[in-house]
Amino acid sequence: LQYNPGWNSSSVNLLHVRAVGAADTLHYVWSSIGAPSVLLVATRSSTSALGIDWTRLLSPAPAGAVWIDPPGSVTHAAAVVFTKVFEYSEAGAQEELFYPTYDLSDFSWANINHTLNHTALTAEFSGVPAADPDGSFSNGSLAFRVTAYEAGGRDQALPSLLHTANSSKVEFVLAGVAPRGNGSRFVLEVAAVEEAGVAPALRAARSIDDEYTPTVFEVLSLAAQAQNESSTRSFLQWKATAYGSRSPRREDGIRCRSHGLQAANWSLPMSIVVRAYFGDGAGSSYSVSAVNISFGGEEGKVYQEKRYLSWSALLGFGQPPQDSFSPLVISIMAVALGTPVLLLLLGGCALLCARSQRYSEYEPIN
């Protein structure tokens, strides 16, 4: 993990996470310069490096300020941008009242160097609106907690996301923010930036297995796939739940819904780092799509009571990890389903044997 590589000031936040393999390197560039975002770049070189022209990056024209050396080693590049947070409440049976939008590009972000943990590979981007006329953030903040992984495994805390060494986690947290209405619900707008020839797709997978995340049976992913390929290049994956507690339990679950993916090439405020790498050619050199992810329990009461909201997502390269039944669950299912079948087979065999060995009191005639 590198904080502001090549820059001595802490007035802005840029975190470079570099994962080196035997013949490749994965780069994650997290930043809160403009809208908070992460740039994902995969290379076929184990010595590839991130280059930053800080003077150009912080200028009004940042295009070309971020690059990867050597340029020919890049195999895939994408970005995820967290653009806005909406807040609304139900004004009637069929009506929704929306409050002024929180534009995350207008937030003031704290120095992440104080939260950087090189051992646990974690950091936290915490911010408040530059202007807060309602005072909603007087005792609260909005944060994006970042975690990198050195190996595969599963998070202990709910929603117990399954991860690989090729992935990282981001956790969106609203803590202590005063709602502006009774039963307020929140919506996070997420934008996916893809290079030319790659299109994102929103996928949903359902399973009867809720062993690791009780009562949650749906996993969603925003996957990037080339037009003539069947394999996924990068992804953003999450389970259809959020939580209203710092130590989440099943009863703290908040329903999470994802609305359709929409093309938004010219309507979203872009991250400075994304413009610095991809340039200003929206629609030609890259495309932008957006999806809204809404959080709201029963009438929004979960957040109203605890004033805490946490939503976790996994992002990385290649195919998203897929949950499977554990040996314990397979054993239980085998016993539960196998025992009745075995009893039926044994009963049938016993009846056949009884019919073939009928007893008679008469002696056979010679």
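Thresholds applied
- The residue numbering used here restarts from 1 in each chain and proceeds along that chain's sequence as written.
- With the structure being a predicted model, the display of local features is reserved for residues of pLDDT at least 70 and the display and counting of side-chain atom pairs for 80 or more, all residues being used for whole-chain, interface and lining totals.
- Excluded from the side-chain calculation are hydrogens and water; included are all heavy atoms of the structure.
- UniProt positions are given in the numbering used here, feature names are shortened, and annotations may be inferred rather than shown by experiment.
- Two cysteine sulfur atoms form a disulfide, by the criterion used here, when they sit within 2.5 Å.
- Partly exposed residues are those whose accessible area sits between 20% and 50% of the maximum for their type, while under 20% is buried and over 50% is exposed, using a 1.4 Å probe and protein chains only.
- Labels follow the DSSP assignment, with helices taken as runs of H or I lasting at least four residues and strands as runs of E lasting at least two, numbered in each case from the N terminus.
- Two strands form a pair only when DSSP identifies at least two bridges running between them.

Per an unreviewed UniProt entry, the chain is named GLMPA protein, and its organism is Probosciger aterrimus. Recorded in UniProt under Function (unreviewed entry), the annotation for the chain is "Required to protect lysosomal transporter MFSD1 from lysosomal proteolysis and for MFSD1 lysosomal localization." Reading the Sequence similarities (unreviewed entry) entry of the UniProt record for the chain gives the comment "Belongs to the GLMP family."

## A look at the state of the cysteines
The tally for this structure, following the rule as stated, stands at zero disulfides. Unpaired in terms of disulfides, Cys 353 finds its nearest cysteine sulfur in Cys 349, a separation of 6.6 Å. In this structure Cys 353 comes out as partly exposed when scored by relative accessible area, which is 45%.

## So, the pairing of strand β16 (residues 185-195)
In terms of burial, β16 is a largely internal element, 10 of the 11 residues being buried. Where strand β7 (residues 74-90) and β16 come together, 10 bridges link them in antiparallel fashion. By the bridge assignment, Val 80 is partnered in β16 with Ala 192. For β16 and strand β23 (residues 286-295), the ladder comprises 10 bridges, and the chain directions are antiparallel. Considered in β23, the bridge of Ala 192 is made with Ser 289.

## Some remarks on unusual backbone geometry
For the peptide bond that leads from Asp 69 to Pro 70, omega is -10°, which places it in the cis range. As for its placement among the helices and strands, Pro 70 is situated in the loop between β6 (66-69) and β7. Across the junction of Leu 158 and Pro 159, the peptide omega takes the value 15°, indicating a cis bond. Locating Pro 159 in the fold gives a position in the loop between β13 (153-154) and β14 (162-163). If you check the backbone angles, Asn 4 has positive phi at about 45° while not being a glycine. When you line up the elements, Asn 4 lands in the loop between β1 (2-3) and β2 (14-20). According to the relative accessible area criterion, Asn 4 is buried, its value standing at 2%.

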